[in-house]
Every structure is written in C-alpha cells, then in structure tokens.
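Here is how the chains run, residue by residue.
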Number of protein chains: 2
Amino acid sequence: MALMLYNSMSRMKEIFKPREEGYVGMYVCGPTVYGPPHLGHAKSYITFDVLAKHLRNSGYKVRYVQNITDVGHLTDDGDNGEDKIQRQARIDKVHPWEIVDKWTRQYMNDMEKLRLAHPSFYVRASQHIPEQIEAIQGLIEKGHAYVTENGNVYFDVESFPQYGKLSGRKLDEQKEAVRVEERSDKKNPRDFALWKKAEAGHILKWNSPWGEGYPGWHIECSVMSNKYLGQTFDIHGGGLENKFPHHECEIAQSEALYGVPFCRYWVHNNMVTVDGVKMGKSLGNFKTCEDLLSKHSPEAIRAFILSTHYRSPSNYTEEAISATQSGINRLSQIQNELLELIDKNVGASVADGEAIKLADEVNEKIKDCLDDDLDTPGAIAAIYSFVTNINRFIGSSSISSETAKKVYAVIKLWAGDILGILPENKKASSDIDLGPIMDMVIEFRKEMKAQKKYDKADAIRDKLKSVGIVLEDTKEGVRWKRA
Amino acid sequence: MALMLYNSMSRMKEIFKPREEGYVGMYVCGPTVYGPPHLGHAKSYITFDVLAKHLRNSGYKVRYVQNITDVGHLTDDGDNGEDKIQRQARIDKVHPWEIVDKWTRQYMNDMEKLRLAHPSFYVRASQHIPEQIEAIQGLIEKGHAYVTENGNVYFDVESFPQYGKLSGRKLDEQKEAVRVEERSDKKNPRDFALWKKAEAGHILKWNSPWGEGYPGWHIECSVMSNKYLGQTFDIHGGGLENKFPHHECEIAQSEALYGVPFCRYWVHNNMVTVDGVKMGKSLGNFKTCEDLLSKHSPEAIRAFILSTHYRSPSNYTEEAISATQSGINRLSQIQNELLELIDKNVGASVADGEAIKLADEVNEKIKDCLDDDLDTPGAIAAIYSFVTNINRFIGSSSISSETAKKVYAVIKLWAGDILGILPENKKASSDIDLGPIMDMVIEFRKEMKAQKKYDKADAIRDKLKSVGIVLEDTKEGVRWKRA
C-alpha cells in the first residue's frame, strides 16, 4: 500500500506522490515564540514528527523545514494590533530578542522531551527580511500589491480570484473573519498586509523601499518555504486554525508571484479542545507542555495525542492522559521481558514460527495504518493487540532469543522510533548502581527466612514495594525489578 | 574596591566605569557553528559568564549580547578559502542551515551543562544582512571602502591610520599575518573584505548593490554590537586570537563609520594549550566539551579553567582537571553539612561570632579578588581556605542554624552562583528513594555484628563503598552518605 494523505485542498485522500521520486520537501508552520508551548502545539508538532519519521522509514529522503516566527505576528488578524513578541517584551521590560530566545529555547526543549526529532532546520522570519522585501517588490511589480500613503503595503485580494480556494470561504465570510478598523488604509477589507510601517516606538523594524517597517506575518512562510523547498514543494503542514487567513494568504502570495501551484499537499491537524472549546493561549485555557511533562511521561502525552486521529479534535482531560499509562507500562514490560530473553541465548523453539508470523503481520498492519492518512489510533491498537498475543510466547513456552530479537525489532521500530510511545529502556536510571545493594537486601531476607523470621522477611518485601521495587521468586532464586 | 579590568587597548588595568551609571553593555564574540565546542571555547565563555555574573551581583543591569556566526567566516584569514559552514555542509551533504542548527544546539547544550547562564540574547550574522549592507554602503560613501570590478567590497585600511592600535601590530606584521593570494583584487594586502561576491555554487548568498554575495566575517560584529548596545558601548570580549585581524577590523569599520570610539574596554581571554600549543579545531588537538563532560563534572572543568587567570594560558591535561575534584568534593561536603545543620534548628552558640566574622571577611576578600581584573584563582583559594577554617565549627562545637545559614549563603553565592564550582545540592538524584533500602542494609550489618560475623559486616561496608556509599559510625548510630 502506498501512503495516502488527506489533502485539504482537494478535500480528499490522495495517493502521495512527491515532486521528485524519493525526495520529500515538507514545510510546517512553527510557533510564534512569545509564550510557553502548550498541548495544542504538541498535537501539531507530534503529528508532523510522526509523518516525517514514517516517510523516512518508508525510504524517502525528507527535508523538513519549520519556521520560527520572531517578528510580524500581530495580536489581531485584521492587521491591526501589536506585534505579539514586542508586546511581551514591553511587559517583561526586555529586548524582544530576549523573549524570542527564551521561548524558542523552551519550545525546543519541550519538543525534545516529548521525543520529537528536530526538523532538518529551523528558519526565522527575521533572518529573511531581504527575501521578504524582494518578494513584496515582485508582487507590486506584478500588480498584486499596492503601497499606501502611510507606507504600508497590502496584497490586493481582488487581483487573485482564487483567494479562498483552500478554506472554501466565500467573500462574505472572508470579510467577516478579518474585521477591519475604520481607520484602515486598505482598499478592500479582505486585503492583507505584506509590509507594515513601523509606528513610533516600534523596535523590530528594517529599512525598505517603503520606509522603516516590518513584514506582515504571512509573507515569511511563502518566502522561506519557496526558498528552501522550491516552487510547488510537496507538503505544507499546519494547524487547522491557520487555514484561514494564514495559509490562504501564503497561497495567494506565492502563486501570484511564481504563477505555479504553491505546494502539492496541504495537511492540517485538528485542535486540542478543553470541554469542547479550542485550547489556545488567547483563551487562557491551555496546559503547557512543561506542566504536563511534570505530571505525565512523554510517552503518555504522545499516546494521548496519537490515540486520536490528527484530523479529529483531541479532548484534553488529565484522566485521558493518565489512562494511556497502563498501556505504556505493558509495552515497557514486554520490552524488558524480550530484552531478558534476548540476553539469555535461548535456542530454537517450536513457537518461533508462529511468533515470527505474528510479528510480520503486525509490521504490515501498522505500516498500512500509517499509510492510510496517518491512522495512528489504528497503529496503536495494532501494537497493543500484538503485545497481548505475543505475551503467551514469553515465559513457559518461550520463543528463541533470535525470534525475540525479531519481535522486539518490530515493537522498537513502530512504538519506539516512530510513534514514540515505548519508554526508553533504562536499566540504570539511578546514579547509584542498585544491583549490589539489592543483592545484600535479598540475602538479608533469605537469612531471615532461614531463621524462620517470616514477619521480618515479609516486612522487607513490603518496604521495597513502598519505594517501587518488586521481588519475584523464580527458579533461579529471588529477582528484583522496578515496579 | 571598584572593579578593575585590564583593557587590551590601553594595555593596563583601569577602573571600570560604564557609559551609563548602573548599566553595562557587553558584546562577546561567539562561535562559528560548524563543529563541536571544545575546551578553548569553554575558557572564553566561562570567563565572560563569570564577568557577567560578577557585574550583576555588583548591582549592574547587564545586557550581554553574543553573536552566532552562521555565514561569512572563511577558512582563511586573507579573505580567500571557503565559508567554514558551507564547507562542512558539503562534506556532510546537507544544507548549511543543518550544520548551523546542529552545532548551535550542541554549543548551547554544552554551555548549559557547564553551568553558564545564556547571554541576554544571541544574534546571528544571517539575521542582519540588511544592516550589514547598509553599513558597507556607509563606508563606501565615506571613502573607507571600495568596490572592485569583481563585485567584492574591501575596507581601505590606508583610510584608517589608527588600524593596528589594538593589536599593536606594525604595518609589516599586518601584511605578514594576512597573506594574500596573487590573484587578489585588493588594492592593498592589508585591506579586508566587507562583501564577497558569491562564486558559482555558493549557497549562502544575498542580493546587494554589488551583486549576489555575502558579508565578510568582520562586519557582522560591528553591526550587531552597535545595533544592540549603541555606539561606544562598554565591554567587548573575545579570545586573544581574535585581536588581530578580527577585532582590529571591527574597530576600523565602526570608528570609520560613526567617528566615535567603538567601545570602552577590550577584554581578551588567553587560550587553552596542549603541551604548550594552542588548542584549536584546525590543529586537531582539541578536546570537545561533550567528551570532557563525559569524564569530569562540570564543576571540575570550571575549576580547572578558573584556577588560571583568564589572561594566562591554561595548559590542558586530564590530570589537571581531575586534580580539581577533591577540592570540589570538599565544597560539596561542607554544603551538605551546613544544610544538615540548618535543618537541625541549633540555637545560638559561642562560636557564632567568629564564624560570622570569617564569613564576612571571605565575602569581602572574594569580591576584592574578582574586582581585581577577575582574579578567579585568588577567589577560589579564598573559598578553599574559608572551607578549611569553617570546618572546625561544624561537628562538636557547632555553630547555630542561623549562623550556618549565613555561612552557607557566602559559599552558595560565590562558589555556586558566580564561579559555578559548587555542585548542586541534590538530596535525591536517584528516582528510587535509597533511604528505606539503606535502613535495611544497615540493620542487616548490625545483625551480622551482633552475631559476631565481622567478616560479613565488613564485606557489607566494602560493597557499599564500591557503589559510592560510605557508612559512618556516629553517636546516633550508623549513618550513610554518598561518597
């Protein structure tokens, strides 16, 4: 089966066929770095993390570019309001770059903790001012943009009749969405800013043919995606909430400038909701990644996100995240058991054939799920059912170490490397090696039993349990493990 | 005592007086991000980290700006050769921004692990192309730069007679230092590039009034330091090896353009040597921070660097770094003892007065050391001698908890917050609480002793020692601690 992706532009699932055989160029709208990343961000970036990893595992060479918006994103979609970063800088009484550095760092750290791979590289809006100015000049020359007396430059939406084709918004709805203040110098309320004149006191500003100012929010993405991925690149990703006006504007800018389609596939992730309402910074109902990571494992957060299809909303509750942990613990346990089995050098077994058949089947099944427009809930269900099935081959009627290796490879690949819901296998997460200490404790307990002090022996077991260590009686003697 | 800084420009220690009372602007030459940070980098950035922290602790509001060179730094000081980042990208077969992202991340992570505070913000060369072009235009207009037929722009060193004032290099020495190829289009071998025409295949390039090209390495620092810190800002820091030509060129560019002194204090750190030879990437004799951090504690690496004055070379040997660990352990031990004492709520003691006197004295003494051109070896010696002196007040003739708090505050401030050689106080670095387990082990040993199985009891002690746990007999019974 080939990868199918739902293309927001055609409004249907399409077979994914990149522009150039074997290579994929993907651009994803990154964060505006003025505050803490929250679960809504996590849903978007985990989605595209899985997509990039699945593409790479399918043999594609992927260039994944993500932007960092460090200038030009206003508090208001109607091109009024203040630059979000500059506003925060004013509140914190620091230079805007301090805001940008702080929150970019937090964003990248949080995403690392959530086990995302970094994109191939990040690109910043402020790093591409000349390119943005050149693109705006090109749009003016082609009659798609106009300069006002105030020194603002707007895209002339009338000049691009296809405007609205991605979001499907009709003219009236477009006007509705971007309320324009009366004092606006736009010819038409639907027009959007390419360049804004810097008001007195504006810090992030540059010289331009139209005076000192700064780029509008939308132009950076057109310029940077085309610069690093070429014209008509493969995948443009982003949150559903950016479909209009942001992505609509990107299309208008790039297609008006270059006269060719902007990109081949538009992939939009749905939002995270809280009691049915979108989680967002402006609504104040958001849960930061940092906060969630202090309460849940990264795997639990990923499993929560990936248990819902990316095109459906994920409804956040603490319980919904916690509920994923038991499945993850099961994964972790089978990982430990398989690794032990691999270590033991068990020879061929009658169960090998069946176990390998199951592993091959689930491998195929999960690939099919992800190929089907990234059906991560299906993939997770397949993994869990596999874990249940394989469990009976571990223990008494054991599979061989060789087979255990093959079984583990499947779990490691999909649950570990691609979905990121398999906890890292850390034998020693403590800086003190517990092994020799536990040997003594176990010996002590044995001694107590030998002396028929069973109360004492039981007390030792209970005390260990209280700190998260479980004792198991095996044929080889007493073993301990972390609960 | 006021802060004295050795000013490389005047070649003497001067009283530090910022341009604006209470505020300090500091610019430090950051890394060219194309390879792993090594101990030579660590010496430079630890030096300025301590300077920034000492200034802040002295009551200054410090804006500390560091650049990230992501374009224009050529493999050859004579303005020939390849862009270092582009060269690495060619070798790794990736886009130059992948090199930049990878090594910027490594740099920041390593510096965090080495307990450096981030600068107020980082600024990138590629983020300031328009500003660099404008500065070059200004220099051409003022007659300090010329455009060649090839589309290169050079600074005309003859036009700036003070060239050489920082390094003290005479004309002949200047020529010697920047060997120029015969095919160079410079008027004068001493001239240096402000803008280079992009050769075919050059990736990092921008449009300019002189055609497609990229900025010379030196212009970014002039432009960014002046943009964010203003003209004649306070402190310019960097490695000694950048004095000529880099810093000399920065001075020429900025002073020719603005007609005022570039900065007030030039602070240069000396290098790290290996067997007397400079440690550097090009020489291949470097130790990466990552490698060193896998063998030594961050505190040991910092103590090694700071035990030599920043203006003297540090000679690297593994033994020299390891040798600092015992002093650090002593610091860590007194920290634990003081924290225990604070927890115990001990009332007033006859020893309080003397202990507080010692603490006040050492506080004054360390401040004086750091005020004396950042005499970190002196400061460390003072801390160690204080620890020895204070040790006798802990134990039998104990000081009060209140006094212990004051003593600890002094150690925490200087050894912890400013010099960064005091290990973090982590009571529980393990995810399993060792307390209840160790209680059982200790009980077991007691049991063995009671049964006169002394060999067994000793074996327990030895086994614990092997994993880094030490048992101590006290009046209250046996206590354990991490070695």
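Given the structure is predicted, the values throughout are model-derived calculations rather than measurements. (Residues numbered from 1 in each chain as written. Chains lettered and ligands numbered in written order. Predicted model: local features only at pLDDT ≥ 70, side-chain atom pairs only at ≥ 80, totals over all residues. Heavy atoms only, no water.)

Below, the discussion takes up the overall build of chain A. Broken down by element type, chain A carries 16 helices and 16 strands. Taking the principal axes of the C-alpha coordinates as reference, chain A spans close to 95 × 50 × 35 Å. The buried share of chain A, reckoned over its 483 residues, is 56%. Of the contacts formed within chain A by residues at least 6 apart in sequence, a portion of 75% connects residues at least 24 apart. Of the roughly 20,400 Å² of accessible surface on chain A, a fraction of 49% belongs to carbon and sulfur atoms. (Helix = DSSP H or I, 4+ residues; strand = E, 2+ residues; numbered from the N terminus. Buried < 20%, exposed > 50% of the residue type's maximum accessible area, 1.4 Å probe, protein only. Contact = heavy atoms within 4.5 Å. Areas by Shrake-Rupley, 256 points an atom, 1.4 Å probe, with all protein chains shown as cover.)

Residues and elements named next belong to chain A. In terms of burial, strand E10 (residues 233–239) is a largely internal element, 7 of the 7 residues being buried. Bridge count for strand E3 (residues 23–28) against E10 is 3 bridges, and the pairing is parallel. Its bridge partner lying in E10, Met 26 is registered against Ile 235. After leaving E10, the chain enters helix H7 (residues 243–258) and then returns to the sheet as strand E11 (residues 263–269), a path that is right-handed. (Pairing = 2+ DSSP bridges. Right-handed = clockwise from strand over helix to strand, strands pointing away.)

Enumeration over the complete set of coordinates arrives at 25 aromatic pairs over all chains. Both rings, one in A:Phe16 and one in A:Tyr60, keep their centres 5.8 Å apart while their planes meet at 80 degrees; by these two values the pair is edge-to-face. Taken together, the residues A:Phe16 in the loop between strand E2 (12–15) and E3 and A:Tyr60 in the loop between helix H1 (39–57) and strand E4 (61–68) connect sequence positions 44 residues apart. Residue classification places A:Tyr60 among the partly exposed positions, given a relative accessible area of 22%. An aromatic cluster of at least three residues, connected via ring pairs, comprises A:Phe155, A:Phe160, A:Tyr163, A:Phe192 and A:Phe244. Taking NZ or CZ as reference, A:Arg330 lies 5.3 Å from the ring centre of A:Tyr384, over its face. Over the aromatic face of B:Tyr146 sits the side chain of B:Lys187, whose NZ or CZ is 4.4 Å from the ring centroid. (Phe/Tyr/Trp six-rings, centres within 6.5 Å; stacked < 30°, edge-to-face > 60°. Lys NZ or Arg CZ within 6 Å of the ring centre and 35° of its normal.)

Residues and elements named next belong to chain B. In the contact formed by helix H12 (residues 352–371) and helix H13 (residues 376–391), the axes pass within 8 Å of each other and the chain directions differ by 170 degrees. As judged from the angle between their axes, H12 and H13 are roughly antiparallel. Taken together, the residues of H13 that come into contact with H12 (itself represented by Ala 355, Leu 358, Ala 359, Val 362, Lys 365, Ile 366, Cys 369 and Leu 370) are Thr 376, Gly 378, Ala 379, Ala 382, Ile 383, Phe 386, Asn 389 and Ile 390. Classifying every residue of the contact of H12 with H13 by side-chain character gives 12 nonpolar, 3 polar and 1 charged. (Axes fitted to C-alpha atoms, helices over the stretch in contact; angles between N-to-C directions. Parallel < 35°, antiparallel > 145°, perpendicular 65-115°, else oblique. Nonpolar A, V, L, I, M, F, W, Y, C, P; charged D, E, K, R; others polar.)

To continue, consider the pattern of salt bridges. Counted by the stated rule, this structure contains 42 salt bridges over all chains. B:Lys53 serves as the salt-bridge partner of B:Asp49, at 2.9 Å between the closest nitrogen and oxygen. Pair noted here: B:Asp49 and B:Lys53 are both in helix H1 (residues 39–57), with a separation of 4 residues, about one helical turn. There is no split in this pair, since B:Asp49 and B:Lys53 are both buried. Because the salt bridges share partners, they merge into one network encompassing A:Asp49, A:Lys53 and A:Arg302. (Salt bridge = Lys/Arg side-chain N within 4 Å of Asp/Glu carboxyl O.)

Residues and elements named next belong to chain A. Strand order in the open sheet formed by 5 strands is E5-E4-E3-E10-E11, and the pairing between neighbours is parallel. Edge positions in the open sheet fall to strand E5 (121–124) and E11, since each of these has one partner strand only. In this sheet, neighbouring strand axes are inclined to one another by 25 degrees on average, regardless of whether the strands run parallel or antiparallel. Across the sheet, H1 is in contact with E3, E4, E10 and E11; its angle to E4 comes to roughly 160 degrees.

It is worth spelling out the relation of the copies chain A and chain B at this point. With an axial shift of 0.1 Å and an RMSD of 0.5 Å, the rotation relating chain A to chain B amounts to 179 degrees. Such a combination of rotation and displacement between the chain copies is what one expects of a two-fold axis. Interface overlap between copies: 100% of the residues of chain A at the interface are likewise at the interface in chain B, consistent with a symmetric, same-surface contact. (Least-squares fit on C-alpha atoms with pLDDT ≥ 70 in both.)

With that out of the way, let us pick up the environment of B:Glu447. When you line up the elements, B:Glu447 lands in helix H15 (residues 434–450). In this structure, the C-alpha to C-alpha distance between B:Glu447 and B:Ala457, residues 10 residues apart in sequence, is 8.5 Å.

Attention shifts here to the sheet that holds strand E14 (residues 314–315) of chain B. All names here are of chain B. Sheet architecture is open: 3 strands sit in the order E13-E12-E14, paired in mixed fashion. Looking at which strands have only one partner, the edges of the open sheet turn out to be strand E13 (277–278) and E14. The sheet contact formed by strand E12 (residues 272–274) and E13 spans 2 bridges and is antiparallel. Bridging from a neighbouring strand, Val 274 pairs with Val 277 of E13.

Quick look at the side chain of B:His202 now. With respect to the helices, strands and loops of the structure, B:His202 is situated in the loop between strand E8 (192–197) and strand E9 (213–215). Dropping the residues within four chain positions of it, B:His202 is found in contact with B:Asp83, B:Gln86 and B:Tyr214.

Let us look at the side chain of B:Ser44. By secondary structure assignment, the location of B:Ser44 is in helix H1. The contacts of B:Ser44, once residues within four sequence positions are left out, are B:Gly238, B:Gly239 and B:Asn269.

Further remarks concern the environment of A:Met12. Residue and element names in this part refer to chain A. Here Met 12 shows up in strand E2. Take Met 12: its relative accessible area is 49%, and that puts it in the partly exposed class. Sequence separation between Met 12 and Gly 72 is 60 residues, and the spatial gap between their C-alpha atoms is 33 Å.

This next bit is on the environment of B:Val277. All names here are of chain B. With respect to the secondary-structure elements, Val 277 resides in strand E13. On the basis of relative accessibility, which here comes to 41%, the residue Val 277 falls in the partly exposed class. When the C-alpha atoms of Val 277 and Glu 354 are compared, they prove to be 47 Å apart, with 77 residues separating the residues in sequence. Setting aside anything within four residues of it in sequence, one finds Val 277 in contact with Val 272, Leu 283 and Asn 285.

This part takes up the interface of chain A and chain B. The partner chain B presents 52 residues to the 52 residues of chain A that form the contact. When chain A packs against chain B, the two sides together hide about 4,300 Å² of surface, and 57% of this comes from carbon and sulfur. Across the contact surface, chain A and chain B share 4 salt bridges. When contributions to the side of chain A that touches chain B are tallied by element, the ones reaching two or more residues are helix H3 (96–113), E5, helix H4 (129–141), helix H6 (217–229), helix H15 (434–450) and helix H16 (454–466) of chain A. The element that contributes the greatest number of residues to the side of chain A that touches chain B is H15(A), accounting for 11 residues. A per-class count over the side of chain A that touches chain B returns 21 nonpolar, 11 polar and 20 charged. (Buried area = accessible area lost by both parts, 1.4 Å probe.)

Below, the discussion takes up the nonpolar core. Residues A:Leu39, A:Ile235, A:Ile411, B:Leu39, B:Ile235 and B:Ile411 are the most contacted members of the largest nonpolar core, which totals 264 residues. The contact partners of B:Ile235, leaving out residues within four places of it in the chain, are B:Leu5, B:Phe16, B:Val24, B:Gly25, B:Met26, B:Tyr27, B:Leu51, B:Leu55, B:Tyr265 and B:Val267. One finds A:Met438, A:Ile460, A:Ile469 and B:Ala457 within the second-largest nonpolar core, a separate group that totals 28 residues. (Core = buried A, V, L, I, M, F, W, Y, C linked by side-chain atoms within 4.5 Å.)

Once that is clear, we can look at helix H14 (residues 401–418) of chain A. All names here are of chain A. When the terminal C-alpha atoms of H14 are compared, their 24 Å separation across 18 residues agrees well with the 26 Å that a helix rising 1.5 Å per residue should span. Restricting attention to buried positions, one finds in H14 the residues Ser 401, Thr 403, Ala 404, Val 407, Tyr 408, Val 410, Ile 411, Trp 414, Ala 415, Gly 416 and Ile 418. Buried residues in H14 make contact with H1, helix H9 (298–306), helix H11 (325–343), helix H12 (352–371) and helix H13 (376–391). (Expected span 1.5 Å × (residues − 1).)

As a further point, take the confidence of the model for chain A. Regions with low pLDDT should not have their predicted coordinates read in detail. For chain A, per-residue confidence averages 92 on the pLDDT scale, and residues scoring 70 or more make up 96% of the total. Taken together, the chains of this predicted complex give a pTM of 0.86 and an interface ipTM of 0.85. (pLDDT = per-residue confidence, 0-100.)

For the rest of this paragraph, the subject is helix H14 (residues 401–418) of chain B. Residues and elements named next belong to chain B. A bend of about 35 degrees at Lys 412 is the largest found in H14. Those residues of H14 that are buried lie in contact with H1, helix H9 (298–306), helix H11 (325–344), H12 and H13. Looking at the residues trailing H14, positive phi occurs at Gly 420, about 70 degrees. (Bend = angle between axes of the 7 residues up to and from the residue.)

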